[in-house]
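Notes for the structure review
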Amino acid sequence: IGRRASGAYGVMTVFVPLQGPVDKLDRAVRSVLAQSYPFIELVLIYSEDDLRHVNFSREIRGLRTHISIRVVATSFPIKDESDRIRALEQAQVGARGAWWVVLRPDLILDRLAVESTLEFAGSNEVAAMSMRPGVQCTSFVERLVAPSMEYLLQMMQVVENRRERTRKMPID
């Protein structure tokens, strides 16, 4: 029995800073396009000086898909973590999603990754994205920080939800 997500969790924005080989990026981006959850906004972030990534983003933007695809060009090359953060700060301004994911170019999402993550997030449980077998954290620091980072992001979401509820409460 197939089931379809209702969209009760709203739109999820998936940011993909384009860096590295195009073949790896292609697999990562297509794993987003193959998601079972239909309410996704894909944001491709690239350096306007990198012709490989400019052409790749045009190719992806030209695909016929149910997923909304947006491209954001930066005036600087995306080479390291600090560049990625600057690029994400620039791209997040127009994000429509209530939920955000930043996808590394070397990760491939499982077909149900977004939907299952949102199901867990909706139940206030810690949720990690599902990945295909063989995908691992690339460094010792990532293996050490990844679980606590997921917990931190969940705590930040809980705090934001409480702030929203507090703002909506009438003051007597």
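What comes next is a walk through the structure. This one's a predicted model, so the numbers in the text were calculated from it and none came from an experiment.

On to the overall build of the protein. The helix and strand tally for the protein stands at 5 helices and 4 strands. Secondary structure of the protein in N-to-C order comes out as β-α-β-α-β-α-β-α-α. Per-residue burial for the protein yields a buried fraction of 35% across its 172 residues. Contacts spanning at least 24 positions in sequence make up 74% of the contacts within the protein whose residues lie at least 6 apart.

Let's shift gears to the nonpolar core. In this structure, Val14, Val16, Val29, Leu42, Leu44 and Leu103 are the most contacted members of the largest nonpolar core, which totals 27 residues. For this core, the elements supplying multiple residues, two or more each, are strand E1 (12–17), helix H1 (22–33), strand E2 (40–47), helix H2 (51–61), strand E4 (99–102) and helix H4 (113–122). The residues contacting Leu103, other than those within four sequence positions of it, are Val14, Phe15, Val16, Pro17, Ala28, Val32 and Leu109. Counting 10 residues, the second largest nonpolar core, distinct from the first, contains Ile45, Phe76, Ala91 and Ala95.

The subject of this paragraph is H2. Of the residues making up H2, those classed as buried are His53, Val54, Phe56, Ser57 and Ile60. Buried residues along H2 cover an arc of 165° about the axis, so they all sit on one side. Facing away from the buried surface of H2 by more than 90 degrees, the exposed residues are Leu51 and Arg58.

Inspection of the entire model under this criterion finds 2 aromatic pairs. Between Tyr37 and Phe39, the aromatic rings sit 5.6 Å apart at their centres with planes inclined by 75°, giving edge-to-face as the arrangement. Classification of Phe39 by relative accessible area gives partly exposed; the value is 35%. Just above the ring of Phe76 sits the side chain of Arg86; from NZ or CZ to the centre is 3.7 Å.

Read from one edge to the other, the open sheet built from 4 strands follows the order E3-E2-E1-E4, with strand pairing classed as parallel. A strand with exactly one partner marks an edge of an open sheet, and here the two such strands are strand E3 (68–74) and E4. Neighbour-to-neighbour, the strand axes of this sheet turn through a mean angle of 20°, independent of strand direction. In terms of strand pairing, E2 meets E3 through 7 bridges, oriented parallel. Bridge pairing in E3 places Ser47 opposite Thr74. The strands that H1 touches are E1, E2 and E3; relative to E2, the one it contacts most, it runs at about 160°. Packing against the sheet, H2 makes contact with E2 and E3, and its axis sits at approximately 160° to E2.

Criteria and cut-off values
Residues numbered from 1 in each chain as written. Predicted model: local features only at pLDDT ≥ 70, side-chain atom pairs only at ≥ 80, totals over all residues. Heavy atoms only, no water. Helix = DSSP H or I, 4+ residues; strand = E, 2+ residues; numbered from the N terminus. Buried < 20%, exposed > 50% of the residue type's maximum accessible area, 1.4 Å probe, protein only. Contact = heavy atoms within 4.5 Å. Core = buried A, V, L, I, M, F, W, Y, C linked by side-chain atoms within 4.5 Å. Arc of directions from axis to C-beta. Phe/Tyr/Trp six-rings, centres within 6.5 Å; stacked < 30°, edge-to-face > 60°. Lys NZ or Arg CZ within 6 Å of the ring centre and 35° of its normal. Pairing = 2+ DSSP bridges. Axes fitted to C-alpha atoms, helices over the stretch in contact; angles between N-to-C directions.

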